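Commentary on secondary and tertiary structure
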Amino acid sequence: MRWSLVAAVAPVAWGTNYFVTHEYLPADKPLWGAAIRALPAGLLLLAVRRRRPHGDWWWKSAVLGVLNTGAFFVLIYLSSHLLATSVAATIMAVSPVVLALLAWPVVAERPTVPALAGAAVGVAGTCLMLLTGAVPVDPFGVAASVGAMLMSSVGYLLAKRWSARVDVLASTSWQLVAGGVLLVPVACLAEGAPPVLGPAALAGFGYVTVVATAVAFTAWFAGLRHLPAAAVGLIGLLNPVTGVLLGTLVAGDTITPRQGLGLGLVLVGLLLGQPVVARLRRTVRAPAVDRSCGW
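Counting from 1, residues in each chain are numbered in the order their sequence is written. Thresholds applied to this predicted model are a pLDDT of at least 70 for local features of residues and 80 or more for the giving and counting of side-chain atom pairs; totals over whole chains, interfaces and linings are not thresholded and use all residues. With hydrogens and water set aside, each side-chain value is computed from the structure's full complement of heavy atoms.

Observations concerning the overall build of the chain
- Of the regular secondary structure elements, the chain holds 13 helices and 0 strands.
- The secondary structure elements of the chain, listed N-terminal to C-terminal, are α-α-α-α-α-α-α-α-α-α-α-α-α.
- In terms of C-alpha radius of gyration, the chain reaches 20 Å, essentially the compact-globule figure of 19 Å for 295 residues.
- Projected onto its principal axes, the C-alpha coordinates of the chain cover approximately 80 × 50 × 30 Å.
- Categorising residues by exposure relies on relative accessible area from a 1.4 Å probe, with only protein chains included: less than 20% of the type maximum marks a residue as buried, more than 50% marks it as exposed, and the intermediate range marks it as partly exposed. When burial is assessed residue by residue, the chain has 50% of its 295 residues classed as buried.
- Where accessible areas are quoted, they stem from the Shrake-Rupley method and a 1.4 Å probe; at the residue level, only the protein chains shown are allowed to cover. As displayed, the chain offers around 13700 Å² of accessible surface, 71% of which is attributable to carbon and sulfur atoms. Secondary structure elements follow DSSP: runs of H or I of four or more residues count as helices, runs of E of two or more count as strands, with numbering from the N terminus. With the radius of gyration taken over C-alpha atoms, the globule rule is written as 2.2 Å times the number of residues to the power 0.38.

Okay, structure coming up:
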């Protein structure tokens with residue numbers, strides 16, 4: 001349960017990221033937006049845990065930096081501006097299913113029936129909760145969101161497979177720094193000089209860098225290290241839940257009965273696939289042991 005709560009920090013923080021990106025960050029600089037998010041966060045963690053990559057972690061950091069931060073942040077940044085938050089979050093909600101299926105060949109974690117059932121219930125709840133009306137759908141935004149979801153699923157599983165003997169803070173910082181360093185020259189060539197940021201954008205990037213990146217990714221990878229990938233993927237469904245609740249607090253939206261039902265289904269799906277629930281089910285089903293003879 002402890003590691004489930006730790007991992008939950010990430011999707012809650014990411015659930016606020018769509019709103020902050022859409023409202024406060026420049027829409028015409030996705031490459032710089034991703035670089036400014038990744039590199040300072042990585043340097044912050046590197047200052048906290050002063051360890052450099054060693055051996056094959058130089059190229060592993062580059063691979064994970066592209067999959068989990070560099071290219072992923074660019075695609076998320078684009079989808080945040082091209083799609084309604086509800087559509088982008090719904091597409092990303094499919095990631096628990098993808099993680100559960102890919103975990104078998106990548107990290108030898110065979111998907112269980114409760115995990116797949118929880119993912120199905122959670123995705124259905126997300127659709128009920130978010131797809132409540134006709135919203136414009138940009139095909140490029142959909143492609144960016146699907147690409148981000150697939151790319152991060154592979155990256156998360158590779159990080160789980162490779163990082164067992166490496167400190168979480170260190171490996172997370174290496175990924176973020178590598179992703180940011182690779183993005184800077186690409187951003188210079190494609191978008192020119194960095195954007196001029198006003199107070200609101202600076203505050204937005206500060207939040208995204210520290211909370212939604214440095215803290216969130218450390219918590220996420222710590223959860224992946226101690227929990228099955230399918231269970232962590234289900235915890236990720238707290239992302240759209242946070243988005244809906246944020247709408248009620250910031251925009252004054254009212255949760256409709258349909259959204260309330262969807263939110264309930266997401267929470268049921270999340271609980272179905274958690275290891276502690278599976279252990280409780282096995283304990284309840286286990287036959288009682290007769291100790292009257294001293295066994």
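What follows picks up the thread again.
Side note on unusual backbone geometry
- Not every positive phi belongs to a glycine, and alanine 108 is a case in point at roughly 60°.
- Locating alanine 108 in the fold gives a position in the loop between helix 5 (95–107) and helix 6 (113–130).

A word on a nonpolar patch on the surface
- Patches in this entry comprise residues that are over 30% relatively accessible and not in a salt bridge; like charges within 9 Å are linked, as are nonpolar side chains (Val, Leu, Ile, Met, Phe, Trp, Tyr) within 5 Å. Any Lys or Arg side-chain nitrogen located within 4 Å of an Asp or Glu carboxyl oxygen qualifies as a salt bridge. Taken together, the side chains of Val9, Leu44, Val48, Val210, Val211 and Val215 make up a nonpolar region of the molecular surface, amounting to roughly 440 Å² of accessible area.
- Among the elements of the structure, helix 2 (30–48) and helix 9 (199–226) are those that each provide at least two residues to the nonpolar patch.
- Per-element tally for the nonpolar patch: the top contributor is helix 9, with 3 residues.
- As for its placement among the helices and strands, valine 211 is situated in helix 9.

Some details on the UniProt feature "transmembrane region" (unreviewed entry) in the chain
- In this structure's numbering, the residues bearing the UniProt feature "transmembrane region" (unreviewed entry) are residues 57–77, 83–104, 116–134, 140–159, 166–187, 199–222, 229–249 and 261–278.
- Structurally, residues 57–77 is divided into 100% helix and 0% strand, and its ends, taken at the C-alpha atoms, are 27 Å apart.
- For residues 140–159, the end-to-end C-alpha separation is 28 Å, with 100% helix and 0% strand making up the annotated structure. UniProt positions are given in the numbering used here, feature names are shortened, and annotations may be inferred rather than shown by experiment.

Observations concerning the UniProt feature "domain: EamA" (unreviewed entry) in the chain
- In the UniProt entry, the feature "domain: EamA" (unreviewed entry) is given for residues 2–130 and 140–272.
- Counted over residues 2–130, helix gives 83% and strand 0%. Its end C-alpha atoms are 29 Å apart.

Observations concerning the side chain of asparagine 239
- With respect to the helices and strands, asparagine 239 occurs in helix 11 (residues 238–250).
- Should any heavy atoms of two residues lie within 4.5 Å, those residues are considered in contact. Setting aside residues up to four positions removed in sequence, asparagine 239 forms contacts with Pro11, Trp14, Gly15 and Tyr18.

A few points about the packing of helix 7 (residues 139–162) against helix 9
- Helix axes are fitted to C-alpha atoms over the stretch in contact, other axes to C-alpha atoms as well, and angles between N-to-C directions run from 0 to 180 degrees. Relative to each other, helix 7 and helix 9 sit at 60°, their axes nearing to 9 Å. Considering their axes alone, helix 7 and helix 9 lie oblique with respect to each other. Regarding helix 7 and helix 9, the two cross each other, and that crossing is right-handed. Of the residues in helix 9, those touching helix 7 at Tyr156, Ala159 and Lys160 are Phe217, Trp220, Phe221, Leu224 and Arg225. When an angle is under 35 degrees it counts as roughly parallel; over 145 it counts as roughly antiparallel; between 65 and 115 it counts as roughly perpendicular; any other value is oblique. Each crossing is labelled by how the near helix is turned from the far one, with a counterclockwise turn of less than a right angle marking it left-handed and a clockwise turn marking it right-handed.

A look at the confidence of the model for the chain
- Predictor confidence is given residue by residue as pLDDT, running from a minimum of 0 to a maximum of 100. The predicted model of the chain has a mean per-residue pLDDT of 85, with 91% of residues at 70 or higher.
- pLDDT under 50 marks residues 278–284. Its contacts with residues more than four places away, or in other chains, come to 2 contacts.
- The model gives residues 288–295 a pLDDT under 50, and that stretch makes 1 contact with residues more than four places away or in other chains.

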